[in-house]
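Remarks on the overall topology
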Amino acid sequence: MPLTLNSAVLPQVPISRTAVCTTAEIAFQAPTNVQDLLTAADNLNGARFTRLYAIARATVGTAINVQLYERNGSTYTLIDSVVLGVQTPGASVASAKADFGYTDDYPLVVRAGVGLAVAIGLAAANGVVIKADGALY
C-alpha cells in the first residue's frame, strides 16, 4: 500500500459521556447489569478517550470493582477494570474516585461501530458515576 504523506486522521468531535451504575454485576463473561457509556450508533468512525474515571456518590463501605466492557452488538468483552476504594465522604473528605489511567499519551481507542459499557461489582444505592472524555473520529 503506498504511503500518503501529511494525511493524519485526527479526532473531530469532542465528547463527554457519563453513566451511573447502581446494580451489582459479577458475570464478567456475560454481563446483564451494564450501562452504556458509548453506543455503537454514536461511534460511526471510531473514538479516542483520554480520561475515564469512576466516582462514588456516597460512602463506599467495601471496595467496588468498576468494569469497562467493549460492546459489539449483544457481545460484551471485559477490557479493563479499576477498584473504587473504601471512603466516607464528608465536608473535608472527598468522595472515593478511581482513574482508569487513560491519557493523551495512553488513550483508549475504540474502533468504529463498537460501543462501551460499564458495570460495578457491588450494588451502590446512590450509584457510582463513570465519566469519559475524549473525541470521535
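Residues numbered from 1 in each chain as written. Predicted model: local features only at pLDDT ≥ 70, side-chain atom pairs only at ≥ 80, totals over all residues. Heavy atoms only, no water.

1. Comments concerning a nonpolar patch on the surface
A cluster of nonpolar side chains, Ile-26, Phe-28 and Leu-78, forms an exposed patch at the surface whose accessible area comes to about 280 Å². As for its position among the elements, Phe-28 is in the loop between β1 (13–21) and β2 (35–38). (Patch = residues over 30% accessible without salt bridge, like charges linked within 9 Å, V, L, I, M, F, W, Y side chains within 5 Å. Areas by Shrake-Rupley, 256 points an atom, 1.4 Å probe, with all protein chains shown as cover. Salt bridge = Lys/Arg side-chain N within 4 Å of Asp/Glu carboxyl O. Helix = DSSP H or I, 4+ residues; strand = E, 2+ residues; numbered from the N terminus.)

2. Observations concerning the sheet that holds strand β8 (residues 115–120)
Spatially, four strands are ordered β2-β8-β4-β5 in an open sheet, and the strand pairing comes out antiparallel. In this open sheet, the two edge strands, each paired with only one partner strand, are β2 and β5 (75–84). Across the sheet, the mean angle separating the axes of adjacent strands is 30° when strand polarity is ignored. Sheet topology places strand β4 (residues 64–72) next to β8; six bridges connect them, and they run antiparallel. Each bridged residue has a counterpart across the sheet, and for Val-66 the counterpart in β8 is Ile-120. (Pairing = 2+ DSSP bridges. Axes fitted to C-alpha atoms, helices over the stretch in contact; angles between N-to-C directions.)

3. Let's talk about the pattern of salt bridges
Tallied over the full model, the rule gives five salt bridges. With a closest N to O distance of 2.8 Å, Asp-36 and Arg-71 form a salt bridge. Taken together, the residues span a long stretch of sequence, with Asp-36 in strand β2 and Arg-71 in strand β4 at a distance of 35 residues. Since its relative accessible area comes to 35%, Asp-36 is described here as partly exposed. Among the residues examined, Arg-71 registers a relative accessible area of 26% and is labelled partly exposed. For Arg-111, the salt bridge is made with Glu-70, and the minimal N-O distance between the two is 3.2 Å. Of this pair, Arg-111 sits in the loop between β7 (108–110) and β8 while Glu-70 sits in strand β4, placing them 41 residues apart in sequence. Looking at Arg-111, the relative accessible area reads 46%, which means it is partly exposed. (Buried < 20%, exposed > 50% of the residue type's maximum accessible area, 1.4 Å probe, protein only.)

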